[in-house]
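In case you want the letters, here they are:
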Amino acid sequence: MKICTFNVNSIRIRMDLLGDWLNHRNQDIDVLCFQELKSTEQDFPYKDFEKMGFACEVFGQKAYNGVAICSRLPLENTQKGFSDGVWDGQRRLIGSRIKNINLLNIYAPHGGFRGEEKFEYKIAWYNKLLSFLQVSFSPQDSLVLVGDFNVAKEDRDVYDPEALRDTIGTMPEEREAFNKILDWGFTDIFRTLYPDSIQYTWWDYIGGAIWKNEGMRIDYILGTKSILPQTEAIEVDL
């Protein structure tokens, strides 16, 4: 089973790109996890995905946020959000069971600078995610957590640690919140398989940053202990 996570930044705008990319890969992706849909569930392009063999579960929001899981394999026991009216105003979490694996797809808040409301919300959201995991799952479960975490876990996960020190995505409080999720029972699969590799998943649109490899690693695939023996490889497809 091949699982892909992609911050799509408006699903309807990206459909041509997605179709071309899937064709380029010879349609080898089994599960697509999208973040930042910027689309309601009613406006989601279900039929386009059905033509490509995917069934989709969507937790959408107009113009902002939104997450989806599209799969060629049966999706079971789908959960949309935290089941908390306060926290689910922003649509940032969706989960399903696929075969014997529980899959969670998240879009963590971007946040703001220290002291700003967006910064406080981001830290509180991570704490909510942790409490959700503690109540809903066990580290002994076969659980995969993917998505855009909006945190670069270590200095080597950014192209210039000094220039980006204490900026959004690298602040100690953000990294501590992220590490609490790992400490609950997850492994950073990419770093486990490739301990010495430098790889980014996000680049600024401005200035051709992607061609200069001036990026950050803020998108992750995390797995519990039982997932690791089942994992063969992980890659960033540019």
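In this convention, every chain numbers its residues from 1, walking through the sequence in written order. A pLDDT threshold of at least 70 governs which residues receive local features in this predicted model, and a stricter bar of 80 or more applies before side-chain atom pairs are shown or counted, although totals over entire chains, interfaces and linings include all residues. Each side-chain value is derived from all of the structure's non-hydrogen atoms; neither hydrogens nor water enter the calculation.

*Asks:* Looking at this model, I keep getting lost on the sheet that holds strand S9 (residues 187–188). Mind explaining?
*Replies:* Paired through backbone hydrogen bonds, the strands of a sheet run either parallel or antiparallel to each other. Reading across the sheet, the six strands line up as S5-S6-S7-S8-S12-S9 and stay open at both edges, with mixed pairing between neighbours. The strands lining the two open edges of the sheet, one partner per strand, are strand S5 (76–80) and S9. Here helix H3 (residues 117–136) sits on the sheet and contacts S5, strand S6 (93–98), strand S7 (101–107) and strand S8 (143–148); the angle it forms with S7, its principal contact strand, is near 170 degrees. A pair of strands is labelled paired if DSSP reports no fewer than 2 bridges between them. Helix and strand assignments follow DSSP, with helices taken as H or I runs no shorter than four residues and strands as E runs no shorter than two, numbered in order from the N terminus. The contact criterion used throughout is that any non-hydrogen atoms of two residues lie within 4.5 Å. As a rule, the C-alpha atoms of each element are fitted with a line to give its axis, helices using only the stretch in contact, and angles between N-to-C directions run from 0 to 180 degrees.

*Asks:* Is there a simple way to explain the sheet that holds strand S4 (residues 67–71) in this structure?
*Replies:* Strand order in the open sheet formed by four strands is S1-S2-S4-S3, and the pairing between neighbours is mixed. With partners counted over all chains shown, the strands left at the sheet margins are strand S1 (3–7) and strand S3 (55–59), one partner each. With direction set aside, neighbouring strand axes in the sheet form an average angle of 15 degrees. With five bridges joining them, S3 and S4 adopt antiparallel strand pairing. Residue Phe59 lies in a different strand from S4, and its bridge partner there is Val67.

*Asks:* Just checking my understanding: could you explain the nonpolar core for this structure?
*Replies:* In a soluble, globular protein the nonpolar side chains are often hidden away together inside. Ranked by size, the top nonpolar core spans 28 residues in total, and within it Tyr126, Leu129, Leu133, Ile181 and Phe186 carry the most contacts. Apart from the residues within four sequence positions on either side, Ile181 is in contact with Tyr126, Leu129, Leu130, Leu133, Leu145, Phe186 and Leu222. What we call a nonpolar core is a set of buried Ala, Val, Leu, Ile, Met, Phe, Trp, Tyr and Cys residues that are connected through their side-chain atoms within 4.5 Å. Three exposure classes are used, based on accessible area relative to the maximum for each residue type with a 1.4 Å probe and protein chains only: buried under 20%, partly exposed in between, and exposed over 50%.

*Asks:* Just checking my understanding: could you explain the state of the cysteines for this structure?
*Replies:* Disulfides are covalent bonds that connect the sulfur atoms of two cysteines. We call a pair of cysteine sulfur atoms a disulfide whenever their separation is within 2.5 Å. Tallying each qualifying case throughout the model produces one disulfide. With its sulfur 2.2 Å from that of its partner, Cys56 forms a disulfide with Cys70. Every disulfide takes its handedness from the sign of the S-S torsion; for Cys56 and Cys70 that torsion is 110 degrees, giving right-handed. In this pair, Cys56 is assigned in strand S3 and Cys70 in strand S4, connecting sequence segments 14 residues apart. Grouping residues by exposure puts Cys56 and Cys70 together as buried. Cys33 supplies the cysteine sulfur nearest to Cys4, a cysteine that is in no disulfide, at a spacing of 7.7 Å. Taking relative accessible area as the criterion, Cys33 reaches 0% and is therefore assigned buried.

*Asks:* When you look at the side chain of Asn65 in this model, what are you seeing that I'm missing?
*Replies:* Inspection of the secondary structure puts Asn65 in the loop between S3 and S4. When sequence neighbours within four positions are dropped, the list of residues in contact with Asn65 reads Glu36, Leu37, Lys38, Gln90, Arg91, Arg92 and Tyr107.

*Asks:* How should I be thinking about a nonpolar patch on the surface in this particular structure?
*Replies:* Residues forming no salt bridge and having over 30% relative accessible area are the ones grouped into patches, like charges within 9 Å of each other and nonpolar side chains (Val, Leu, Ile, Met, Phe, Trp, Tyr) within 5 Å. Only the protein chains shown count as cover for residues, and the accessible areas themselves come from Shrake-Rupley with a 1.4 Å probe. Basic side-chain nitrogens of Lys or Arg form a salt bridge, by our definition, when they fall within 4 Å of a carboxyl oxygen of Asp or Glu. A contiguous nonpolar surface patch, about 420 Å² in accessible area, is contributed by Ile210, Trp211 and Leu238. The residue Trp211 is located in helix H6 (residues 209–212) in this model. Its relative accessible area of 76% is what places Trp211 among the exposed residues.

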